[in-house]
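Survey of secondary and tertiary structure
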Amino acid sequence: MKKLMNDPGDLVVESLRGMEAAHGDILRVSYEPAYIVRADAPVRGKVGVLSGGGSGHEPMHGGYVGPGMLGAACPGAIFTSPTPDQIEEATRALDGGAGVIYLVKNYTGDVLNFESAAELCVSAGIPVETVIIDDDVAVQDSSFTAGRRGVGATVLIEKIVGAAAERGMGLAEVTGLARTLNEEARSMGVALSSCTVPEAGKPTFDLGADEIELGIGIHGEPGRERRTIRPARELVEYMSEAIFSDLPFHRGDSIIVLLNGMGGTPLIELYLLYGELERVARTRGLHIRRRLVGNYITSLEMQGFSMTALRSDDRILGLWDDPVHTASIRWGS
Amino acid sequence: MIRCEEIMAWVRELDLVYQSNKASLTELDAAIGDADHGINMVRGFSAAAKELSEQTPPDIGAILKALAMILMKKVGGASGPLYGTFFLKASMTCNGRTSIGAEDLVVLFEAGVAGIRQRGKAKEGDKTMIDAWEPAVRAMREAFSGGGDVSEILRAAVSAGESGRDATISLAARKGRASYLGERSRGHQDPGATSAVLMLKAARDTLA
Ligand SMILES: Nc1ncnc2c1ncn2[C@@H]1O[C@H](COP(=O)(O)OP(=O)(O)OP(=O)(O)O)[C@@H](O)[C@H]1O
Ligand SMILES: [Mg+2]
């Protein structure tokens, strides 16, 4: 294993330190317990938007802290959910009197830890609502699983819900919006290589030289099936079919898409994939009204990509276009 | 008779046991999860052994409660709240006690496992740590009813827990991260059931 780090056990903290040094104008970092909060928190009278999860998915979530997106983010150890004490402290630092919404990706660890934190905060008098994000179509949603995983839709939902909170919407309304967005979003990923958890020291799974894992999770959890690599065009078609037929998306729908790299995929390949996605969407009569192309929700150095589509009306597109100022997503004024 | 000394010996033993099984637990988790279970357990129990040795609370309930809080803070993942809840519920059965006997021990484990069941909502057969815990506490109760002492109770727990753990190999996971694999999770031993048996063995080696 070769990684740019000092002691593997210090990676998360040392990275937080660098983040604080680089973006001190946007965010503050607490180390004990660890959380990132927007520099101007608490914002009086506005709903706080809080997310968190294991580290190793950068820029998610810390890179999305700032005006117009997240109020606070709780980073866990690599690929491990944060703990209730972190979430509770971050909630207190963020709450400006209008309550806090937790955007939680559907993994047992995250769900249990956020649940414990919400209990602590509510009993301390801070209103908290939780919305679970579960957009990954690779996993069957049935009583035989822990349900679908939360993946790429998280980025889009954090942006839109952050805008709604910034506009001054109340907790109930913001929560309803987040639930709707989750219902309207679908994603799927594919891996060309594994990633290596620094403290584990070796790749999480083995893929043959010409093998890919379809439906990969963002922690290297296996997905639907293993196949031999195929041309990018066919991969995008396969994933589009899985995503677009699931909601299902209909001819004429407006969508926001995220064409996301898993951390180890060059942008030249991501843009090629985006081109293929535009083509497939056109043949299906879907209008891509907004898009993000790049590394937004990663799995350390994994090679691969994921696609997310979110059905959007003008109201959602308007919120999407609202100004945002974070380390990794910035537009408007 | 189990006193604070034995409970502390158990905590220190857990630290050592998880350290020496860190790689194997993580490897089991790599096969059907996300390769962090051993790392999570070590992070939690090494902090617990250190903090509790430096400042040992005055009674068994207080030690177990402090242990629960440290695990909730340090472990993360699914296992953090689950083991945290185990010790929190266990601590409530022996508030203020500086020694406990065989039946207290059974009650303590029963309460802890009920906590895991309640938080995680897993049933036996879902391929989780519950598959080791449920048969283990049943065996403890049986051994106690049959007149067993602490040592016999814990030996019964270990062997029932081991069978439960081994049975997870052929199961398909229905809870936790491994459930994403469905049928493909068959053939792999559950990491949480494995760490649960290690916890029972450490208890057998230090409490009896
Ligand atoms: N609902 C549940 N009930 C009981 N045990 C569970 C449940 N879900 C998972 N587990 C246990 O937790 C173990 C995994 O613990 P681990 O420390 O690896 O957390 P994790 O699932 O990886 O958490 P995270 O998703 O935050 O990384 C599994 O092997 C299983 O025994
Ligand atoms: Mg795990």
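Model, not experiment: these values are computed from the prediction. (Residues numbered from 1 in each chain as written. Chains lettered and ligands numbered in written order. Predicted model: local features only at pLDDT ≥ 70, side-chain atom pairs only at ≥ 80, totals over all residues. Heavy atoms only, no water.)

The next point concerns the coordination of the magnesium ion (ligand 2). Residue and element names in this part refer to chain B. Distances from the magnesium ion (ligand 2) to its protein donors, namely Asp-29 (OD), Asp-34 (OD) and Asp-36 (OD), fall within the range 2.0 to 2.2 Å. Each donor residue of the magnesium ion (ligand 2) belongs to the same chain, with the gaps between them written as D-x4-D-x1-D. By relative accessible area, which is 4% here, Asp-34 ends up buried. (Donors = N, O, S within 2.8 Å, 3.2 Å for Na, K, Ca; no water. Buried < 20%, exposed > 50% of the residue type's maximum accessible area, 1.4 Å probe, protein only.)

Between chain A and chain B, the contact holds 35 residues from the first and 29 residues from the second. Between chain A and chain B, a total of about 2,500 Å² is buried, with carbon and sulfur atoms accounting for 52% of that surface. Remark: the boundary between chain A and chain B carries six salt bridges. Across the salt bridge formed by Lys202(A) and Glu27(B), the nearest N and O atoms sit 3.2 Å from each other. The interface formed by chain A and chain B contains 13 residue pairs in polar contact (both at pLDDT 80 or more). Among the secondary structure elements, those contributing two or more residues to the side of chain A that touches chain B are helix H2 (84–94) and helix H3 (108–123) of chain A. By residue number, the principal contributor to the side of chain A that touches chain B is H3(A), which donates seven residues. Taken together, the residues that form the side of chain A that touches chain B break down as 11 nonpolar, 14 polar and 10 charged. (Contact = heavy atoms within 4.5 Å. Buried area = accessible area lost by both parts, 1.4 Å probe. Salt bridge = Lys/Arg side-chain N within 4 Å of Asp/Glu carboxyl O. Polar contact = N/O pair within 3.5 Å; in protein donor to acceptor, adjacent residues only side chain to side chain. Helix = DSSP H or I, 4+ residues; strand = E, 2+ residues; numbered from the N terminus. Nonpolar A, V, L, I, M, F, W, Y, C, P; charged D, E, K, R; others polar.)

A separate point is the site of ligand 1. Close contacts around ligand 1 come from 25 residues, with Asp34(B), Ser79(B), Gly120(B), Arg177(B) and Asp190(B) the closest. More than one chain reaches ligand 1: its neighbouring residues belong to chains A and B. In the model, an oxygen atom of ligand 1 is placed 3.0 Å from a nitrogen or oxygen of the Phe79(A) main chain. Within the side chain of Arg177(B), an N or O atom sits 2.3 Å from an oxygen atom of ligand 1. Relative to its unbound accessible area of 640 Å², ligand 1 is 97% covered by the protein chains. Among the cavities detected, the one that contains ligand 1 is the second largest pocket. (Near = heavy atom within 4 Å. Areas by Shrake-Rupley, 256 points an atom, 1.4 Å probe, with all protein chains shown as cover. 1 Å grid on protein atoms, 1.4 Å probe; cavity = no way out; pocket = protein on both sides within 12 Å on 5 of 7 lines; lining within 4 Å. Sits in = over half its atoms within 2 Å of the grid points.)

Moving on: helix H8 (residues 150–167) of chain B. Residues and elements named next belong to chain B. For H8, which comprises 18 residues, the first-to-last C-alpha distance of 26 Å matches the rise-based estimate of 26 Å (1.5 Å per residue) to within 8%. Looking only at H8, the buried set comprises Val-150, Ile-153, Leu-154, Ala-157, Val-158, Ala-160, Gly-161, Gly-164 and Arg-165. Those residues of H8 that are buried lie in contact with strand S1 (2–3), helix H6 (102–120), helix H7 (130–145) and helix H9 (191–207). (Expected span 1.5 Å × (residues − 1).)

This next bit is on the domain arrangement of chain A. Residues and elements named next belong to chain A. According to the domain assignment, chain A contains domain 1 (16–183) and domain 2 (185–312). Domain 1 and domain 2 are separated by 23 Å when their C-alpha centres are compared. Opposite the 26 residues of domain 1 that make contact, domain 2 presents 31 residues. Together, the buried faces of domain 1 and domain 2 total about 2,300 Å²; carbon and sulfur atoms form 64% of this surface. Counting the surface domain 1 buries against domain 2, the share from its top three residues, Phe-79, Val-137 and Leu-156, is 27%. Seen at the junction of domain 1 and domain 2, the total is one salt bridge. Among the salt bridges present, the one from Asp-246 reaches Arg-148, with a minimum N-O distance of 2.9 Å. When contributions to the side of domain 1 that touches domain 2 are tallied by element, the ones reaching two or more residues are helix H4 (153–167) and helix H5 (171–183). (Domains from an automatic or database assignment.)

Approximately 1,000 Å³ is the volume attributed to the largest pocket. As for the largest pocket, its lining consists of 41 residues, and the residues nearest its centre are Val13(A), Glu32(A), Ala77(A), Arg43(B) and Lys74(B). Taken together, the elements giving at least two residues each to the lining of the largest pocket come down to helix H1 (11–23), strand S4 (72–78) and H2 of chain A together with helix H3 (37–54) and helix H4 (60–74) of chain B. Looking at the lining of the largest pocket, the element that brings in the most residues is H3(B), giving seven residues. The residue makeup of the lining of the largest pocket, split by class, is 19 nonpolar, nine polar and 13 charged. Split by domain, the lining of the largest pocket shows at least three residues from each of two domains, domain 1 (16–183) and domain 2 (185–312) of chain A. What the second largest pocket holds in volume is close to 760 Å³. If you go around the second largest pocket, you meet 41 residues; those closest to its centre are Thr108(A), Ala78(B), Leu82(B), Gly176(B) and Arg177(B). (Points joined across faces, edges and corners; volume = space filled by probe spheres on them.)

For the rest of this paragraph, the subject is unusual backbone geometry. All names here are of chain A. The amide bond that connects Glu-58 to the next residue, Pro-59, takes the cis arrangement and shows omega of 10°. Within the secondary structure, Pro-59 is located in the loop between strand S3 (48–55) and S4. Omega for the bond connecting Leu-247 with Pro-248 falls within 30 degrees of zero, at -5°, which places this linkage in the cis form. With respect to the element layout, Pro-248 can be found in the loop between helix H6 (232–244) and strand S10 (254–261). One non-glycine residue with positive phi stands out, namely Leu-300, at about 55°. Mapped onto the fold, Leu-300 is located in the loop between strand S11 (287–294) and strand S12 (304–311).

This next bit is on empty space enclosed by the protein. Residue and element names in this part refer to chain A. Following the criterion strictly, the structure yields three cavities of 30 Å³ or more and no others. Lining the largest cavity are Arg-38, Val-43, Lys-46, Val-47, Gly-48, Val-49, Met-69, Gly-71, Leu-94, Gly-162, Ala-165 and Glu-166. When contributions to the lining of the largest cavity are tallied by element, the ones reaching two or more residues are S3 and H4. It is H4 that contributes the most residues to the lining of the largest cavity, three residues altogether. Its residues assigned to classes, the lining of the largest cavity shows six nonpolar, three polar and three charged.

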